[in-house]
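Below, each chain spelled out in residue letters.
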Amino acid sequence: MKTAPSPLLAAAYKRPQKLYRYSQRSLLERSLQFGEFQLHPPLAEEKAPPAIDQILPFGPRASAEASSTFLTLSLANAWDEKLFDAFAGADCCLVIHDAEEFGERIHRAAQRLLPSWAGIDAAISYGMPSPLGAAFSKARQHAPEKEWLFAWRPTQRMLSCNPVTIRIGNIEGIAELRDRDGGAG
């Protein structure tokens with residue numbers, strides 16, 4: 001007998017309608033014009049203890065190794081002026097109006113650049129382990145970040161991951177830049 005998935009769990013995997021990237025205007029202008037995004041290992045201090053039972057092996061059970069075994073791209077799933085302060089140097093926000101199109105383009109570009117890697121995106125679980133593993137789990141104090149995470153892991157064992165830049169092409173048709181006051185930039 002199959003059981004229905006939890007509504008909370010299902011919501012964690014359904015992309016929101018919009019995504020937000022808080023950063024420096026110069027970087028976000030490149031993101032808007034060229035679709036340029038850097039994938040990088042997560043910071044070790046952001047990690048919560050890894051999940052005991054995980055759906056996908058995003059992050060090994062040993063959390064010391066976790067930050068060097070996958071690459072991520074982090075966005076927020078809500079507009080919040082407080083997030084300008086949460087990210088050092090953020091003076092602008094890239095608002096992605098079509099998160100579905102954006103997500104598909106991100107995954108296609110990552111697949112071209114990293115053909116032996118598996119990728120997924122979902123909401124971060126705060127204060128409790130995510131069924132997706134360490135990559136999608138953070139301490140409760142990070143909950144105000146409202147993070148939506150794209151993550152990739154190698155399908156073959158490797159020693160470490162280095163940051164890479166992917167390009168998905170111009171996204172002006174599905175995104176815009178906004179200043180802190182919410183006005184178009």
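This is a predicted model, so every value here is computed, not measured.

## A word on the confidence of the model for the protein chain
Here's step 1: Looking at the protein chain as a whole, the pLDDT averages 83, with 77% of positions reaching at least 70.
Here's step 2: Segment residues 1-5 is flagged for pLDDT under 50; beyond a separation of four residues in sequence, or across chains, it makes 0 contacts in the model.
Here's step 3: Counting interchain partners and residues more than four positions distant, the pLDDT-below-50 stretch residues 45-67 has 62 contacts.

## What to know about the pairing of strand E4 (residues 92-96)
Here's step 1: The element E4 is largely enclosed, with a buried count of 5 among its 5 residues.
Here's step 2: Pairing geometry for strand E1 (residues 19-23) and E4, over 5 bridges, is antiparallel. When the sheet's bridge partners are listed, tyrosine 20 is paired in E4 with valine 95.
Here's step 3: As paired elements, E4 and strand E10 (residues 175-178) share 4 bridges and run antiparallel to each other. Following the sheet pairing, valine 95 is matched in E10 by glutamate 176.

## Here's the deal with the nonpolar core
Here's step 1: Grouped together as the largest cluster of nonpolar side chains are 29 residues, with contacts concentrated most on Phe37, Leu73, Leu94, Phe102, Ile106 and Phe150.
Here's step 2: Ranked by residue count, the leading element in this core is helix H5 (residues 99-113), at 5 residues.
Here's step 3: Each residue touching leucine 94, except ones within four places of it in the same chain, is listed here: Leu19, Tyr20, Arg21, Leu28, Ser31, Leu32, Phe37, Ile171, Ala175, Glu176 and Leu177.
Here's step 4: Counting residues in hydrophobic clusters, the runner-up holds 10 residues, among them Ile120, Ala122, Ala135 and Leu149.

## Focus: the pairing of strand E5 (residues 117-123)
Here's step 1: Burial within E5 is extensive, with 5 of its 7 residues counted as buried.
Here's step 2: Pairing between E5 and strand E8 (residues 147-154): 7 bridges, direction antiparallel. Across the sheet, residue isoleucine 120 finds its bridge partner in E8, namely alanine 151.

## Considering unusual backbone geometry
Here's step 1: Of note in this structure, lysine 146 is not a glycine but carries a positive phi near 50°.
Here's step 2: Along the chain, lysine 146 turns up in the loop between strand E7 (137-138) and E8.
Here's step 3: The exposure class assigned to lysine 146 is partly exposed, which follows from its relative accessible area of 29%.

Rules and cut-offs
Residues numbered from 1 in each chain as written. Predicted model: local features only at pLDDT ≥ 70, side-chain atom pairs only at ≥ 80, totals over all residues. Heavy atoms only, no water. pLDDT = per-residue confidence, 0-100. Contact = heavy atoms within 4.5 Å. Buried < 20%, exposed > 50% of the residue type's maximum accessible area, 1.4 Å probe, protein only. Helix = DSSP H or I, 4+ residues; strand = E, 2+ residues; numbered from the N terminus. Pairing = 2+ DSSP bridges. Core = buried A, V, L, I, M, F, W, Y, C linked by side-chain atoms within 4.5 Å.

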